[in-house]
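Chains, contacts and geometry: an overview
The lines below spell out each chain.
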Amino acid sequence: MGRIKYIFVTGGVCSSLGKGVAAASIGSLLEGQGLSVSLQKFDPYINVDPGTMSPYQHGEVYVTDDGAETDLDLGYYERFTSTVLTRQNSVSTGQVYEAVIRRERRGGYLGKTVQVIPHITDEIKSRIRLLAESSGADVQICEIGGTVGDIESIPFLEAIRQFAHEEGRRNVLFIHVTLIPHVKAADELKTKPTQHSVMKLREIGIQPDILLCRSDRPISDEMKAKLALFCNVQKEAVLSALDITSTIYEIPLSYSREGLNQVVMEYLGLEGSPLDMSAWDDLVERIKNPVGLVRIAVVGKYAELQDAYRSIYEALLHGGAAHQHKVEIIKVNAEDVEAHGVEDYMTGIHGILIPGGFGTRGIEGKIEMVRFARTRNLPFFGICLGMQCATVEYARNMAGMDNANSTEINPDTPYPVISLLEEQHGVVEKGGTMRLGAYRCRLEADSLAGRGYGVPEISERHRHRYEFNNNYRNALADAGLRLPGTSPDGSLVEIIEVPNHPWFVGVQFHPEFTSRPLKPHPLFRDFIGAAVQEAERQRHPIMASPLEQ
Ligand code: GLN
């Protein structure tokens with residue numbers, strides 16, 4: 001393969017158009033043509049990373065193997081392609097300025113005035129090239145966060161304009177993801193916002209090559225011709241990206257039906273193999289034609305937000321696809337459980353998942369949920385804070401440790417079964433100071449986790465400060481709690497299981513970050529498997545539970 005080619009994805013008209021999924025889908029199509037890709041996200045905010053942002057602001061914080069706390073779009077990149085991302089793949093304005101200011105303090109600018117152009121833009125361009133050098137990919141897809149016209153994104157747009165100028169136009173492609181809204185009063189789709197958005201781009205010196213037009217109904221040929229003419233784009237490069245309601249994993253397939261991969265390959269002069277998306281075709285078929293349904297309660301603090309548990313929701317769907325079952329996610333607010341009790345929320349539920357989280361709000365509701373799952377033999381999956389809540393519940397109700405807690409919730413608890421590691425004591429900075437990224441974990445072969453993974457050692461991503469307190473290891477194990485996964489040196493408990501229960505697993509790490517639609521995570525697969533059995537049992541209540549058989 002020749003030199004690396006670049007695709008820049010920008011967004012027009014408004015946010016939430018699914019630019020991340022669009023960039024990821026382009027990646028999966030290029031992989032489908034036998035090319036290797038790398039994806040990079042530029043975020044215009046001044047935070048160094050989203051690790052310090054509330055889920056209300058930002059949605060989920062996605063963690064890479066090397067421990068970077070990144071934008072959730074990186075999750076889409078990893079789920080839609082076979083790439084494994086690192087901190088190089090996620091760049092914020094905060095990081096760019098931090099690097100430039102550090103260099104300035106070291107005297108790196110030799111007496112010059114440090115300015116947005118060229119110093120900030122140079123730093124942005126160098127981040128693009130650095131990734132290109134280390135990834136060795138055929139195509140690098142860079143998504144510019146925000147919407148064209150935002151003050152914050154101007155330095156990034158200026159940088160990619162310069163970049164295209166330097167690399168030569170044959171080597172760079174600009175794709176603008178835009179909205180064609182339907183105006184009810186006129187019953188018409190409107191092109192004007194897109195015209196304005198492209199005008200804004202051209203003002204900066206960027207002429208988009210491809211328009212990817214989001215709309216809730218088909219765009220006519222006539223309208224595509226109009227957009228082509230007004231936006232100065234070839235007609236074959238005005239592509240419709242109709243809302244997909246079945247599953248987001250159909251998006252690459254719908255783009256290929258529009259011919260997006262052909263246009264991209266042709267414009268960049270790329271040569272690849274004929275498009276093969278058969279694995280995705282199969283997956284979408286399975287998702288669209290389920291043989292049954294399971295209902296999973298996800299009990300969190302941010303139940304009302306779409307994106308706070310994005311990777312968890314996706315991983316649950318992957319687990320469902322593995323059993324060809326639809327997974328209906330019931331979002332339960334942990335505080336409502338505190339106010340109204342568990343029973344209200346539990347009719348027709350086949351499994352309970354408690355995701356990660358921080359702080360005290362809703363904790364007692366979560367612990368109550370754990371108790372319900374444990375005592376009623378409902379499949380239970382606790383992730384990070386969810387595992388910590390399960391440990392607390394077990395300590396309180398099975399090991400006689402009244403008021404046991406995590407010291408994050410109650411620093412004065414008589415039984416601090418979850419507590420800070422020595423090295424975390426004195427840490428005052430919040431950003432990037434947790435246990436972050438991939439750590440290895442050794443498994444007991446005959447446990448639920450051991451059987452699920454089918455290997456003696458795994459690697460999973462972490463993002464937490466508190467840990468299972470080793471001082472309580474023996475007492476909890478004596479009370480029946482199983483600890484089948486630890487760090488290879490045995491010093492950290494990574495997995496807990498409750499025996500004599502259909503499926504009860506808590507993990508200190510975040511398996512949701514490594515689940516892929518084409519390769520569902522074994523724990524999510526088995527959790528849904530247990531939920532499928534539970535659904536069966538609820539349909540035939542006479543049937544003995546797996547434990548009574
Ligand atoms: N708040 C807990 C801790 O810091 C759990 C973190 C999480 O769930 N990601 O250990």
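Further up the page is the structure itself.
Note that the coordinates shown come from a computational prediction; the quantities given were computed from them, not determined experimentally.

Rules used throughout
Residues numbered from 1 in each chain as written. Predicted model: local features only at pLDDT ≥ 70, side-chain atom pairs only at ≥ 80, totals over all residues. Heavy atoms only, no water. Pairing = 2+ DSSP bridges. Helix = DSSP H or I, 4+ residues; strand = E, 2+ residues; numbered from the N terminus. Axes fitted to C-alpha atoms, helices over the stretch in contact; angles between N-to-C directions. Contact = heavy atoms within 4.5 Å. Phe/Tyr/Trp six-rings, centres within 6.5 Å; stacked < 30°, edge-to-face > 60°. Buried < 20%, exposed > 50% of the residue type's maximum accessible area, 1.4 Å probe, protein only. Polar contact = N/O pair within 3.5 Å; in protein donor to acceptor, adjacent residues only side chain to side chain. Near = heavy atom within 4 Å. Areas by Shrake-Rupley, 256 points an atom, 1.4 Å probe, with all protein chains shown as cover. Nonpolar A, V, L, I, M, F, W, Y, C, P; charged D, E, K, R; others polar. Core = buried A, V, L, I, M, F, W, Y, C linked by side-chain atoms within 4.5 Å. Parallel < 35°, antiparallel > 145°, perpendicular 65-115°, else oblique. Left-handed = near helix turned anticlockwise from the far one by under 90°. Expected span 1.5 Å × (residues − 1). Patch = residues over 30% accessible without salt bridge, like charges linked within 9 Å, V, L, I, M, F, W, Y side chains within 5 Å. Salt bridge = Lys/Arg side-chain N within 4 Å of Asp/Glu carboxyl O.

1. Points about the sheet that holds strand β22 (residues 493-497)
Spatially, nine strands are ordered β13-β12-β14-β15-β23-β22-β21-β18-β19 in an open sheet, and the strand pairing comes out mixed. The open sheet has two free edges, formed respectively by β13 (325-333) and β19 (457-464), since each of these has just one partner strand. Within the sheet, the average angular offset between the axes of one strand and its neighbour, ignoring direction, is 25°. Note: strand β14 (residues 351-354) against strand β15 (residues 380-383), three bridges, orientation parallel. When the bridges of β15 are listed, I352 appears paired with F380. Running over the sheet, helix α15 (residues 385-398) touches β14, β15, β22 and β23 (504-507) and is turned about 115° from β15. Helix α18 (residues 522-539) contacts β12 (292-300), β13, β14, β15 and β23 of the sheet and is inclined by roughly 115° relative to β12.

2. Let's talk about the packing of aromatic side chains
Tallying each qualifying case throughout the model produces 17 aromatic pairs. Ring plane angle 85° and centroid distance 4.7 Å describe the contact between Y6 and F163, whose orientation is recorded as edge-to-face. On the criterion of sequence distance, the pair formed by Y6 in strand β1 (residues 5-11) and F163 in helix α6 (residues 154-167) is long-range, its members being 157 residues apart. Using a relative accessible area of 3% as the deciding quantity, one classes Y6 as buried.

3. Some details on the side chain of S487
Inspection of the secondary structure assignment puts S487 in the loop between β21 (482-486) and β22. In this structure the side chain of S487 is engaged in a polar contact, spanning 2.8 Å, whose partner is the side chain of D489. One polar contact links the side chain of S487 to the main-chain amide nitrogen of S491, over a distance of 3.2 Å. Contact partners of S487, with chain neighbours within four places excluded, come to R440, R442, L492 and E494.

4. Considering the pairing of β21
Here β21 lies mainly inside the structure; four of its five residues are buried. Bridging between strand β18 (residues 435-443) and β21 involves two bridges; their strand directions are antiparallel. By the bridge assignment, L443 is partnered in β21 with G485. Pairing analysis gives three bridges linking β21 to β22, with the strands arranged antiparallel. The residue bridging R482 from the neighbouring strand is E497, located in β22.

5. Digging into the site of the ligand
Lining the immediate environment of the ligand, one finds G356, G357, F358, C384, L385, Q388, E408, R463, H464, R465, Y466 and H510. The side chain of E408 places a nitrogen or oxygen atom 2.7 Å from a nitrogen atom of the ligand. For the ligand, whose free accessible area comes to 300 Å², the fraction covered by protein is 99%. Counting only elements with at least two residues in the shell around the ligand, the list comes to α15 and β19. In terms of residue class, the shell around the ligand is made up of four nonpolar, five polar and three charged.

6. Notes on the nonpolar core
Residues I7, L30, I141, I210 and V264 are the most contacted members of the largest nonpolar core, which totals 60 residues. Counting residues per element, this core draws most heavily on helix α1 (residues 19-32), at seven residues. Leave out the neighbours within four places in its chain, and I7 touches I26, L30, V139, Q140, I141, C142, L173, I175, V264 and L268. A334, V342, A373 and L481 belong to the second-largest nonpolar core, a separate cluster that totals 40 residues.

7. Examining the packing of helix α14 (residues 363-375) against α15
Between α14 and α15, the least distance of the axes is 9 Å, while the angle of their chain directions is 70°. On the basis of their axis angle, the class for α14 and α15 is roughly perpendicular. Crossing hand, α14 versus α15: right-handed. Facing α14, whose interface residues are I363, E364, K366, I367, V370, R371 and R374, α15 presents L385, C389, A390, V392, E393, Y394, R396, N397 and M398. Looking at the contact of α14 with α15 residue by residue, the classes come out as nine nonpolar, one polar and six charged.

8. As for unusual backbone geometry
The step from I117 to P118 runs through a cis peptide bond, and the omega angle for that step is 10°. Structurally, the position occupied by P118 is in helix α5 (residues 116-135). The phi torsion at Q324 lies on the positive side, around 50°, for a residue other than glycine. Summarising the element assignment, Q324 is placed in the loop between α12 (310-322) and β13.

9. Quick look at α6
For α6, spanning 14 residues, the distance from its first C-alpha to its last is 20 Å, which sits close to the expected 20 Å at 1.5 Å a residue. Along α6, the residues classified as buried are P155, F156, L157, E158, A159, I160, Q162, F163, A164 and E167. Backbone geometry just downstream of α6 places G168 in the positive-phi region, at approximately 95°.

10. Some points on a nonpolar patch on the surface
On the surface, Y97, I101, V116 and I117 cluster together into a nonpolar patch covering about 330 Å² of accessible area. Elements with a minimum of two residues in the nonpolar patch: α4 (93-105) and α5. The topology assignment puts I101 in helix α4.

11. Focus: the sheet that holds strand β10 (residues 210-215)
Reading across from one edge, β5-β2-β6-β1-β7-β10-β11 is the order of the seven strands in this open sheet, with parallel pairing throughout. Each edge of the sheet is formed by a strand with only one pairing partner; in this case those strands are β5 (90-92) and β11 (238-242). If you compare each strand with its neighbour and ignore which way they point, the axes differ by 20° on average. The pairing of strand β2 (residues 37-43) with β5 spans three bridges and is classified as parallel.

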